Amino acid sequence: MRIGSDFEKIKFDFLGFHLMEPNAFIGDVILFLIALFLASKIGKYKSGSDFSINFRNFLILYSLSFFMGGLGHLLFNYWAIPGKYASWFGVFFVAFFVEKAMISLHPNQKTQGLLNKISMFKFISMILLEILLLIYVDISNDPSIGLVFPAINSTIGLGFSLGVLGFYYHKKIHESFKYLWMSTLVALPSLLFQGLKINIHPWFDRNDFSHFLLAISLLFYWKFIDAYYRKAISLVIN
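From a predicted model like this one, the values you see are computed outputs, not experimental measurements. Each chain has its residues counted from 1, running along the sequence as written. With pLDDT at 70 or above as the cut-off, local features in this predicted model cover only qualifying residues; side-chain atom pairs require 80 or more to be listed or tallied, and sums for whole chains, interfaces and linings still use all residues. The side-chain figures draw on all heavy atoms in the structure; neither hydrogens nor water molecules are used.

**Observations concerning the overall build of the protein chain**
Thinking step 1. Of regular secondary structure, the protein chain possesses nine helices and four strands.
Thinking step 2. Counting from the N terminus, the helices are the DSSP runs of H or I reaching at least four residues and the strands are the DSSP runs of E reaching at least two. Ordered by position from the N terminus, the helices and strands of the protein chain form the series β-β-β-α-α-α-α-α-α-α-α-β-α.
Thinking step 3. Taken over C-alpha atoms, the radius of gyration is set against a globule rule of 2.2 Å times the number of residues to the power 0.38. Taking 18 Å as the expected radius of gyration for a compact globule of 238 residues, we find that the protein chain reaches 19 Å, a close match to that expectation.
Thinking step 4. Principal-axis analysis of the C-alpha atoms gives the protein chain an extent of 60 × 35 × 30 Å.
Thinking step 5. Using a 1.4 Å probe on the protein chains alone, a residue whose accessible area is under 20% of its type maximum counts as buried, one over 50% counts as exposed, and one in between counts as partly exposed. Burial statistics for the protein chain: of 238 residues in total, 46% are counted as buried.
Thinking step 6. Two residues form a contact once any of their heavy atoms are found within 4.5 Å. In the protein chain, the share of contacts with a sequence separation of at least 24, taken over all contacts with a separation of at least 6, comes to 71%.

**Observations regarding empty space enclosed by the protein**
Thinking step 1. In this analysis, the protein atoms alone were mapped onto a 1 Å grid. Cavities are point sets where a 1.4 Å probe fits without being able to get out; pockets are open sets with protein on both sides within 12 Å along at least five of seven lines; lining residues have an atom within 4 Å of a point. Grid points are joined across faces, edges and corners, and a volume is the space filled by probe spheres set on the points. Summed over all chains, the structure comprises one cavity of 30 Å³ or more.
Thinking step 2. Forming the boundary of the largest cavity are Asp-6, Phe-7, Glu-8, Lys-9, Ile-10, Glu-21, Asn-23, Asn-199, Pro-202 and Asp-205.

**Brief notes about the pairing of strand S3 (residues 17-20)**
Thinking step 1. Pairing geometry for strand S2 (residues 11-14) and S3, over four bridges, is antiparallel. Bridge pairing in S3 places Lys-11 opposite Met-20. Pairing between two strands requires that DSSP report at least two bridges joining them.

**Thoughts on unusual backbone geometry**
Thinking step 1. Its identity as a non-glycine residue notwithstanding, Glu-21 has a phi of 50°, on the positive side.
Thinking step 2. Note on placement: Glu-21 falls in the loop between S3 and helix H1 (22-44).
Thinking step 3. For Ala-80, which is not glycine, the phi torsion reads 55° and is therefore positive.
Thinking step 4. Counting through the fold element by element, Ala-80 comes out in the loop between helix H3 (76-79) and helix H4 (85-103).
Thinking step 5. With a relative accessible area of 33%, Ala-80 lands in the partly exposed category.

**Some points on the packing of aromatic side chains**
Thinking step 1. Aromatic contacts are taken between Phe, Tyr and Trp rings whose centres are within 6.5 Å, Trp giving its six-membered ring; a plane angle under 30 degrees counts as stacked, one over 60 as edge-to-face, and the others as tilted. Here the structure, examined in full by the defined rule, presents 27 aromatic pairs.
Thinking step 2. Ring geometry for Phe-55 against Tyr-221: centres 6.4 Å apart, planes inclined by 75°, an arrangement best described as edge-to-face. Of this pair, Phe-55 sits in helix H2 (residues 50-74) while Tyr-221 is found in helix H9 (residues 206-237), placing the two residues 166 residues apart along the sequence. Grouping residues by exposure puts Phe-55 and Tyr-221 together as buried.
Thinking step 3. Aromatic side chains Tyr-85 and Trp-88 sit 6.0 Å apart centroid to centroid with 40° between the ring planes, which places their arrangement in the tilted category. Linking Tyr-85 with Trp-88, this pair stays in helix H4, spanning three residues, or about one helical turn.

This is a description of form; function is not addressed.
In structure tokens:
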């Protein structure tokens, strides 16, 4: 185990290509497939509500961000730091759409409008801060610096929308929302592992641990989707 610093990145050759971090790529691809599968589950219900549209967009963008993140790890020798930009900026859109989805269910229209304005302000501000960071800060020695604003944005966005609003809707709308606030609790330890750079093994470093927790949180989304849409269908039938 190593704390405070990272293990040397795993390198390997395949078909003449000099590749890196196969463990991170595999983890990202697994998350990509799970999130895409969950998006397809929402799609099959053919719901045209703002919540369904935005939550499905959230999952689609979530999956694409992980896929591009995996490629950024795997092809770092070719794409270098710019190869990570797509996944970093994709994270801002991921948080934005899950915020839109959850806010759309708020019963108070004035509060809903205020929350949408705050969400948009945060979305634009964080993207501008990320652009300024990439322009004026040299992150070549530590590319993880580029993840600072995406991580802050995700912590605030997902923490509030899935955690705070999820808990509120659990009490006010339907018990299925408990799976959303529970998913945020599952992912919390990854903040500690990333912040302190806690690495268990070269083949299971802090990123792999985060992927593991995110995979579990996605399973909670699965439970939520099944329970929430079963409730919606029963209302239509009755």
